[in-house]
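# Breakdown of the fold
So the chains spell out like this:
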Amino acid sequence: MIGYYVHHQGSGHLHRARSVAAHCPLPMTGLSTLPAPDDWPGPWVRLPRDDDGDPATFGDVTAGGRLHWAPTRHAGLRGRMALIAQWIEATSPRLLVSDVSVEVALFARLMGTPTAVVAMRGERSDPPHRTAYDLADLLLAPWPAELPEPGWPAHWRAKTVHTGAFSRFDGLRHPAPAENPAGRGRPRRVLLLMGSGGSDVSPGEVKAAQAATPGWEWTTLGGASGGWSPDPWPALCAADVVVTHAGQNAVAECAAARRPTIVVPQERPFGEQTATGRALTRGRLAVLATQWPAAEEWPALLDRAHAYGGDRWSRWAPGNGAARAATALAAAARREQAL
């Protein structure tokens, strides 16, 4: 049995877990504050929240800088850790995957359960991250080995499996947008793909970009001003250019569709999206804008991205990343069973 802890912030952690679980040859239990997705192949342990209530009563949530989130005297935190402990006691899992929580990884290891941690880009040398990465038996890096995260110590690299990026859309056909029929021009299409984990871009900035690009037709999914679709794949494939943030899941979905992309990293803890943007620039995979461009910059930026194309994305997301992750997790679990 493998446990897979899924963080509830945004949707990327859940999409990644679903992709891995679909390929895993061993039974997998999900553990999360989120409800179980309909396509989850095994049991699911629903955990109480540990971030609700009055923040004034949380106390020192970092335990003096040694943890990321551990509010004192919080019933939800006690309840979720108790449920995790009960599940470990009842099932004796061979491995617990943390995607991502330092506290869950540490707790599982203190109960004698080997751990795998889904690694994140950015500055991870703080004490909590160092602890989680040091104690993990396996680090899963959902990016290509030829574009590593710089500065990692040798003992992290030695236990890292670089899977390449993967998403729920791996393996789907990614057709190019239809060409304009002869004599019947249509506006080229922009898909603005924002996340559910928050956005630094205001509706006014989006409207200004639209007004400055009359030859382009904009569709927005996510964020404060966009619609929502449970399946953005058709919109991705129909786009001549995608504009998105630098979250791992959003970039992986653009890569799966092989769409020309403008990536605008958002402010995130530990500089995660900024680091992803640097890696994409090193690989010449997308057009990078370090901040939301001024309205007058958009026409040239969209033309540049369209000319850039999306074929290079195969370096970032070869299409078998989820299967590689599942194989690595199963191998780690079987090694522990053999001991």
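Residues numbered from 1 in each chain as written. Predicted model: local features only at pLDDT ≥ 70, side-chain atom pairs only at ≥ 80, totals over all residues. Heavy atoms only, no water.

## Details of the pairing of strand E8 (residues 188-193)
Under the convention used in this document: Two strands are said to pair when DSSP picks up at least two bridges between them. Every helix listed is a DSSP run of H or I at least four residues long, and every strand listed is a run of E at least two residues long, numbered separately from the N terminus.
By the bridge criterion, six bridges tie E8 to strand E9 (residues 216-221) in an arrangement that is parallel. Bridge pairing in E9 places Leu191 opposite Thr219. Relative to strand E10 (residues 241-244), E8 runs parallel, the two sharing four bridges. If you follow Leu193 over to E10, its bridge partner there is Thr244.

## Quick notes on the packing of helix H2 (residues 75-91) against helix H3 (residues 102-110)
Under the convention used in this document: The convention used is that axes are lines fitted to C-alpha atoms, helices contributing only their stretch in contact, and that angles between N-to-C directions extend from 0 to 180 degrees. For this classification, under 35 degrees means roughly parallel, over 145 means roughly antiparallel, 65 to 115 means roughly perpendicular, and everything else is oblique. Should the near helix be turned counterclockwise from the far one by less than a right angle, the crossing is left-handed, whereas a clockwise turn marks it as right-handed. Contacts: residue pairs with any heavy atoms within 4.5 Å of one another. When residues are sorted by character, Ala, Val, Leu, Ile, Met, Phe, Trp, Tyr, Cys and Pro go into the nonpolar class, Asp, Glu, Lys and Arg into the charged class, and all the rest, Gly among them, into the polar class.
Between H2 and H3, whose axes approach to 11 Å, the crossing angle comes to 40°. Here H2 lies oblique to H3, going by the angle between them. Seen along the crossing, H2 lies across H3 with a hand that is right-handed. Only Glu103, Val104, Phe107 and Ala108 of H3 make contact with H2, whose side of the interface consists of Met81, Ile84, Ala85 and Ile88. Here the residues of the contact of H2 with H3 sort into seven nonpolar, no polar and one charged.

## Let's talk about the packing of aromatic side chains
Working definition: an aromatic ring pair is given by the centre-to-centre distance plus the angle between the planes. The test is simple: A pair of aromatic rings is counted whenever rings of Phe, Tyr or Trp (Trp by its six-membered ring) have centres within 6.5 Å, and the orientation is called stacked for planes under 30 degrees apart, edge-to-face for over 60 and tilted otherwise. Relative accessibility under 20% of the residue-type maximum defines a buried residue, over 50% an exposed one, and the middle range a partly exposed one, all with a 1.4 Å probe and only protein chains included. Think of it as a cone above the ring: NZ of Lys or CZ of Arg counts as a charge over the ring if it is within 6 Å of the ring centre and within 35 degrees of the ring normal.
Summed over the entire model, instances satisfying the criterion amount to nine aromatic pairs. Taken together, a centroid distance of 4.9 Å and an interplanar angle of 40° make the contact between Phe169 and Trp233 tilted. With a gap of 64 residues between them, Phe169 in the loop between strand E7 (160-162) and E8 and Trp233 in helix H7 (residues 233-238) connect regions that are remote in the sequence. Classification of Trp233 by relative accessible area gives buried; the value is 10%. Above the plane of the ring of Trp143 lies Arg121, whose end atom (NZ or CZ) is 4.4 Å from the centre. Residue placement shows Arg312 over the ring face of Tyr308; its charged tip is 4.3 Å from the ring centre.

## So, the sheet that holds strand E4 (residues 95-99)
Spatially, seven strands are ordered E3-E2-E1-E4-E5-E6-E7 in an open sheet, and the strand pairing comes out parallel. Unpaired on one side and paired on the other, strand E3 (44-46) and E7 mark the two borders of the sheet. Each adjacent strand pair in this sheet contributes to an overall mean axis angle of 20°, direction not counted. Of the pairings in the sheet, the one linking strand E5 (residues 115-118) to strand E6 (residues 138-141) comprises three bridges and is parallel in character. Counterpart to Val117 in the pairing with E6 is Leu139. Across the sheet, helix H1 (residues 12-23) lies against strand E1 (2-6), strand E2 (28-32), E3, E4 and E5, angled at about 160° from E1, the strand it touches most.

## Structural notes on the sheet that holds E9
In spatial order, the strands read E9-E8-E10-E11-E12; together these five strands make up an open sheet with parallel pairing. Each of the sheet's edge strands pairs with one partner strand only, and the pair in question is E9 and strand E12 (287-288). Pairing of E10 with strand E11 (residues 261-263), which is carried by three bridges, proceeds in the parallel orientation. Residue pairing for E11: Val243 is matched across the bridge by Ile262. Across the sheet, helix H8 (residues 248-257) is in contact with E8, E10 and E11; its angle to E10 comes to roughly 175°.

## A look at helix H10 (residues 298-308)
We count it as follows: In this description, one arc is meant: the one made by directions from the helix axis to the C-beta atoms.
Among all positions in H10, only Trp298, Leu301, Leu302 and Ala305 are buried. The buried residues of H10 all sit within an arc of 95° when viewed along its axis, so they share a single face. In H10, the exposed positions angled more than 90 degrees off the buried face are occupied by Ala300 and Ala307. Buried residues along H10 sit against E8, helix H6 (203-211), E9, E10, E11 and E12. Positive backbone phi, at 80°, marks Gly309, one or two positions downstream of H10.

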